[in-house]
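Notes for the structure review
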Amino acid sequence: MYTAFRMTAFWAAFTTLLFVVLSPQVFASTPEVITGVEQRYSLLEPSENKRDFDTVRGLPEDQWQSTSVDVLNFALDKREHWLKITLKNADTEQKHLTILLDQPIQDYIDFWLVGNTGKLQQHYKTGDRLPFNSRPMDFRGFAFPVELPATSSVDVFFRFDTYDGLYEAIPVYIQSHDEFRQWIIQDSLWYGFYYGALTILLAYNLIIGFLTKERDFYLYSLYLATFFIWNLLFRGYGYQHLWPDNPWFANQILSISVSFIFITLTAFTAVFLDLKRQAPRLHRLILVLTGLQLVPIFLTLGSYYTLFFTTLMPIASMHLLAILSAAIYLSYKKSQPAQIFTLAWGVLIASVLIYFAQVLGAIPANSLTSNILNIGSLIEMLVLALAMVDKINQMKQDQAKALKANLIIQQENNIELEQLVAEKTAQLTALNKQLEHDAITDALTGLFNRRRLPRLYEKRLEHCSQHDEFIGFILLDIDHFKQINDKFGHQDGDEVLVKLTECMMAFWLEWQADLFRFGGEEFGIIICHKDRLLLTETIQSFQHHISQQTLHHTRNITISVGAVIMPSQNCPDLDTAIAVADGLLYDAKNQGRDLCLIKSLAVQETR
């Protein structure tokens, strides 16, 4: 136990130290100081009414409140907020600057750059509610280039607005272009380390789960995966690289992923700590709180994002505390996995509560609180990984005991084991037969599929040869089927396919025809009969019969048919029959559809 805690403390300290080394801007309390450039930040008192840029830029200076805060935190507020940054260049050289807003999920941002003559030099309208290409620079957050002439000054105006009143904390940095490029490298290095660590943990637990067949590892991997996905979205990488032209989906999936973190976490915790047996009351409470996570999901689907977050925070806080209570309770009962879990969970809960307090404005926002979830989550996951290692060692001991017991049981129950093997063999045999049937059967219609066609053709050919009958090979296609799918949806399209199948089976029942689905909306029929003329007339009658049926509730459905009738002697192979029938079907389509074209070896008949 002492060794496990010592390893835990080491990895927690190592992770924090590495975060500090890779991300020193976390502890910065003021924006970058650029030599020769004076920076002045001012905030405008928010108003209930929207104000345009021309009105704001004309306001007197005494209406702007000077501020030194480098992280803007407007918390829950439906009003727009204005930030003004005045930059004065005392040097004789032009400065190439970048203003960085390190918050990828700010809804709406307007940027105006005004020169010292009062002329508007640049305007950008962007935000995570707009396509990604609205951003002036290809960056997961928001970065704005500013050219500051020598011995001159510029005013930069920002307007921040939200979809429905939810602001995230917005760290603000001003850097030279070179410093910004270096910052990007450092930022990528940190997140590369972070996501790399998560990927290694995920792969490790999947492998162990595969080898041990233990649910704990699969569920932990699922929890890691959902957290990984959420973090990619929360940090802007998902929107930047996966769906840059779909801001609506980016916002939806981000919110939904938060609730799924708690759902997958509950599944893992319940199994890992054996809550159902060890703490049944707390287990039921946690399940209820997990069910309540569906409420924020429905709010997200309705685009109530502020209500989503204000609903999620109390539910999530209670959820976290309930899990922590269960872990502490089991730790008190001397459960070693629960003791390590409590340590890991305590770190994560502290980071989540700090983050919630920042969003609500209860504590001042800074770069440390903005990144607290990444720090806490990585420490938590590393500690849980150690807990999983500890569980593997316990599993080895349990397996050794179980092996000894199994050897005794096996010696006493050989007959029972043989019976069990026989039952399993019978089950596997039945399953194999079912699989063989499924492999040659179309799941939607229940007809044979194309894989079965060579065998059907071979059997029919053999039968016709023995009885000196003609063999008919028919291909048919539903006319304008794509319009049904496009206008009414694929469910209607599937219903048409099923109803057509039922009509085909009823029509050809007495003929004992072989019916198959050739692919998509294309079907096939193989029939035999001594009377070639009757065969021809029946095929034509079938095509007409289908057009009289009600296959769809809004329109008449017709089919086009291509058929070839062949004598049993010297009958061509299947590929030739398919080619001839398919060619006739193609001609029927080109000649206006709702048509049946039939060809025999001697004559060609059309209708």
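Residues numbered from 1 in each chain as written. Predicted model: local features only at pLDDT ≥ 70, side-chain atom pairs only at ≥ 80, totals over all residues. Heavy atoms only, no water.

**A few points about the overall build of the chain**
To keep it simple, the criterion reads: For helices the rule is a DSSP run of H or I covering at least 4 residues; for strands it is a run of E covering at least 2, with both sets numbered from the N terminus onward. Only C-alpha atoms enter the radius of gyration, while the globule expectation follows 2.2 Å times N to the 0.38, with N the number of residues. Relative accessibility under 20% of the residue-type maximum defines a buried residue, over 50% an exposed one, and the middle range a partly exposed one, all with a 1.4 Å probe and only protein chains included. In what follows, a contact means two residues having at least one pair of non-hydrogen atoms within 4.5 Å. What sets the accessible areas is the Shrake-Rupley method with a 1.4 Å probe; for residues, cover comes only from the shown protein chains. Neither His nor the chain termini are counted; the positive set is Lys and Arg, and the negative set is Asp and Glu. In this description, the location of a charge corresponds to atom NZ of lysine, CZ of arginine, CG of aspartate or CD of glutamate.
Within the chain one finds 19 helices and 16 strands. Computed over C-alpha atoms, the radius of gyration of the chain comes to 35 Å, more than 25% over the 25 Å expected from 2.2 N^0.38 for 607 residues, which places it beyond the range of a compact globule. Dimensions of the chain along its principal axes, counting C-alpha atoms only, are 105 × 80 × 40 Å. Relative to its 607 residues, the chain shows a buried fraction of 50%. A separation threshold of at least 6 residues defines the contact pool for the chain, and within that pool the share at least 24 residues apart is 75%. For the chain, the accessible surface area stands at approximately 29700 Å², while carbon and sulfur atoms represent 58% of it. Once the 49 positive and 63 negative side-chain charges of the chain are each reduced to a mean point, those two points are 5 Å apart.

**Things to note about the confidence of the model for the chain**
Test applied: Note: pLDDT gives the predictor's confidence per residue, expressed from 0 to 100.
Looking at the chain, the pLDDT average stands at 84 and 92% of residues meet or exceed 70. Predicted confidence for residues 1–31 stays below pLDDT 50, and this span has 46 contacts to residues more than four positions away or in other chains. Every residue in residues 603–607 scores below 50 in pLDDT, and together they form 13 contacts with partners more than four places removed in sequence or on other chains.

**Concerning the environment of Thr-264**
For the record, the criterion: Polar contact criterion, stated in full: a pair of N or O atoms within 3.5 Å, where within protein one must be able to donate a hydrogen and the other to accept it, and residues adjacent in sequence count only if both atoms are side-chain atoms.
Inspection of the secondary structure assignment puts Thr-264 in helix α6 (residues 247–272). Among the residues examined, Thr-264 registers a relative accessible area of 7% and is labelled buried. For the pair Thr-264 and Tyr-223, spaced 41 residues apart in sequence, the C-alpha to C-alpha distance is 5.0 Å. Apart from residues lying up to four places away in sequence, Thr-264 is in contact with Leu-222, Tyr-223 and Thr-226. Within the local environment of Thr-264, its side chain forms a polar contact with the backbone oxygen of Ile-261, the two atoms lying 3.0 Å apart.

**A closer look at the packing of aromatic side chains**
We apply this condition: In this scheme Phe, Tyr and Trp rings, the latter by its six-membered ring, pair at centre separations within 6.5 Å, and the angle between planes marks the pair as stacked below 30 degrees, edge-to-face above 60, and tilted otherwise. Only when the NZ atom of a Lys or the CZ atom of an Arg is both within 6 Å of the ring centre and within 35 degrees of the ring normal do we say a charge sits over the ring.
This model, assessed by the stated rule, comprises 39 aromatic pairs. Summarising the aromatic geometry, the rings of Trp-230 and Phe-234 are spaced 4.9 Å apart at their centres and angled 15° between planes, so their arrangement reads as stacked. Residue Trp-230 and its partner Phe-234 are located together in helix α4 (residues 215–234), separated by 4 residues, close to a single helical turn. Residue class for Phe-234 comes out buried when judged on its relative accessible area of 5%. Seen from their ring centres, Phe-507 and Phe-542 are 5.3 Å apart, and the 55° between their planes marks the pair as tilted. Remark: Phe-542 occurs in helix α18 (residues 532–547) and Phe-507 occurs in helix α17 (residues 490–507); sequence separation between them is 35 residues. Phe-542 gets classed as buried once you look at its relative accessible area, which sits at 0%. Just above the ring of Tyr-163 sits the side chain of Arg-129; from NZ or CZ to the centre is 4.2 Å.

**Some remarks on the state of the cysteines**
Condition: For the purposes of this analysis, a disulfide is any pair of cysteine sulfur atoms at a distance within 2.5 Å.
Applying the stated criterion to the full structure yields 1 disulfide. The disulfide that involves Cys-464 links it to Cys-528, with 2.3 Å between the sulfurs. Disulfide Cys-464-Cys-528: the torsion about the S-S bond is -110°, which places it as left-handed. Linking Cys-464 in helix α15 (residues 453–467) with Cys-528 in strand β13 (residues 522–529), this pair joins segments that are 64 residues apart in sequence. On the basis of relative accessible area, Cys-528 is assigned to the buried category, the value being 7%. Its sulfur unpaired, Cys-596 is 17 Å from the next cysteine sulfur, which belongs to Cys-503.

**Re the pairing of strand β14 (residues 559–567)**
Put simply, the rule is: Paired strands, as defined in this entry, are two strands with at least two bridges between them according to DSSP. Think of it like this: strands point away, you trace from the first strand over the helix to the second, and a clockwise trace means the crossover is right-handed.
Counting buried residues along β14, 8 of its 9 residues qualify, which places the element largely inside the surrounding structure. Taken together, the 5 bridges between β14 and strand β15 (residues 596–600) define a ladder with parallel strand orientation. Paired with Val-561 across the bridge in β15 is Cys-596. As for the winding sense of the linkage, the β-α-β connection from β14 through helix α19 (residues 574–590) to β15 is left-handed.

**Section: a nonpolar patch on the surface**
This is how the line gets drawn: Only residues above 30% relative accessible area that lack a salt bridge enter a patch, with like-charged residues linked at up to 9 Å and the nonpolar side chains Val, Leu, Ile, Met, Phe, Trp and Tyr linked at up to 5 Å. By salt bridge we mean one thing: a side-chain nitrogen of Lys or Arg within 4 Å of a carboxyl oxygen of Asp or Glu.
Residues Leu-206, Ile-207, Phe-210, Leu-211 and Tyr-218 make up a contiguous nonpolar surface patch of roughly 530 Å² in combined accessible area. In terms of residue count, helix α3 (residues 177–212) provides more of the nonpolar patch than any other element does, 4 residues in total.

**Some details on the side chain of His-81**
Checked against the element boundaries, His-81 lands in strand β4 (residues 81–89). Judged by relative accessible area, which is 7%, His-81 ranks as buried. Here Asp-77 takes part through its side chain, which lies 3.0 Å from a polar atom of the side chain of His-81. Those residues in contact with His-81, other than ones at most four positions away along the chain, are Pro-46, Phe-74, Phe-158, Arg-159, Phe-160 and Tyr-167.

**Topic: the environment of Gly-165**
Assignment of secondary structure puts Gly-165 in the loop between β9 (153–161) and β10 (170–176). The contact partners of Gly-165, leaving out residues within four places of it in the chain, are Ala-75, Leu-76, Asp-77, Lys-78 and Thr-306.

**Examining the sheet that holds β10**
Selection rule: Axis geometry follows a simple rule: fit a line to the C-alpha atoms, using only the stretch in contact for helices, then measure angles between N-to-C directions, giving values from 0 to 180 degrees.
Strand order in this open sheet of 4 strands is β3-β10-β5-β8, and the pairing throughout is antiparallel. Both outer strands of the open sheet, β3 (71–72) and β8 (142–148), are each paired with one neighbouring strand and no more. Here β3 pairs with β10 via 2 bridges, running antiparallel. Note that in β10 the partner of Val-71 across the bridge is Pro-171. Packing against the sheet, α3 makes contact with β5 (95–101), β8 and β10, and its axis sits at approximately 125° to β10.

**Notes on unusual backbone geometry**
A positive phi angle, near 70°, is found at Arg-593, a position not held by glycine. By the secondary structure assignment, Arg-593 is in the loop between α19 and β15. Here Arg-593 falls in the partly exposed class, since its relative accessible area comes to 33%. With a phi close to 50°, Asp-594 is a non-glycine residue in the positive phi region. Structurally, the position occupied by Asp-594 is in the loop between α19 and β15.

**Focus on the environment of Phe-298**
Positionally, Phe-298 belongs in helix α9 (residues 294–301). On the accessibility criterion, Phe-298 (58% relative accessible area) is exposed. For the pair Phe-298 and His-480, spaced 182 residues apart in sequence, the C-alpha to C-alpha distance is 38 Å.

**Things to note about the packing of helix α16 (residues 481–488) against α17**
To characterise two packed helices, one gives the angle between the axes of the helices and the distance between these axes. This is how the line gets drawn: Relative orientations are named as follows: roughly parallel for angles under 35 degrees, roughly antiparallel for angles over 145 degrees, roughly perpendicular for angles from 65 to 115 degrees, and oblique for any other angle.
Between α16 and α17, whose axes approach to 6 Å, the crossing angle comes to 140°. Taken together, the axes of α16 and α17 lie oblique to each other. In this structure, α16 contributes Phe-481, Ile-484, Asn-485 and Phe-488 to the contact, and α17 contributes His-490, Asp-492, Gly-493, Val-496 and Leu-497.

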